[in-house]
Amino acid sequence: ALWLSNLAGLGVIAAASSQPVPLVATIGALGVIDLYLYRIFNSSRREVRRLVSLLSEVYTDHGLGAYFDQLREDYYVERYDLRRQLCVVLFGIAVALGLAFGLSG
């Protein structure tokens, strides 16, 4: 959804770059979509941290702490951090390239 929404936004921005009202509306809508996805990834990140911490405690209680340690938790949390950063980066790229393609053509 993240990739498709930004790709579609890039296309619409490129097509609407000569008209200010549709351009602003498209950039605003794309920003709202990316903000929504950002919040979803942020919420998922918190849930993953809670779940992996719980699993780590359960496994440690049963003598299997090596299977869910701090490194495993950091790995899963980092995946969501990257997705959150990707929301911002893809939004910027979609707007910049959409304007560049629309204004040059």
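These lines cover the structure that appears in this document, whether it is placed above or below.

Calculation rules
- Residues numbered from 1 in each chain as written.
- Predicted model: local features only at pLDDT ≥ 70, side-chain atom pairs only at ≥ 80, totals over all residues.
- Heavy atoms only, no water.
- Helix = DSSP H or I, 4+ residues; strand = E, 2+ residues; numbered from the N terminus.
- Rg over C-alpha atoms; globule rule 2.2 N^0.38 Å.
- Core = buried A, V, L, I, M, F, W, Y, C linked by side-chain atoms within 4.5 Å.
- Buried < 20%, exposed > 50% of the residue type's maximum accessible area, 1.4 Å probe, protein only.
- Contact = heavy atoms within 4.5 Å.
- Expected span 1.5 Å × (residues − 1).

Now for the overall build of the protein. When helices and strands are tallied, the protein shows three helices and zero strands. Its helices and strands taken in sequence order, the protein reads α-α-α from the N to the C terminus. The globule rule puts the C-alpha radius of gyration for 105 residues at 13 Å, and the 20 Å found for the protein is more than 25% above it. Based on the C-alpha atoms only, the size of the protein along its principal axes is roughly 65 × 20 × 15 Å.

We now examine the nonpolar core. Formed by L2, L37, F41, V48, V52, Y80, C87 and L90, the largest nonpolar core amounts to eight residues. Those elements that provide at least two residues to this core are α2 (20-61) and α3 (70-104). Sequence-distant contacts of L37, that is, excluding residues within four places in its chain, are made with A1, L2, S5 and C87. L10, I13, L30 and A94 belong to the second-largest nonpolar core, a separate cluster that totals six residues.

Quick look at α3 now. For α3, built from 35 residues, the straight-helix expectation of 51 Å at 1.5 Å per residue is met to within 8% by its first-to-last C-alpha distance of 50 Å. Looking at α3, one finds that the buried residues are E73, V77, Y80, D81, R84, C87, L90, A94, V95, G98 and G102. Buried positions along α3 lie against α1 (2-16) and α2.

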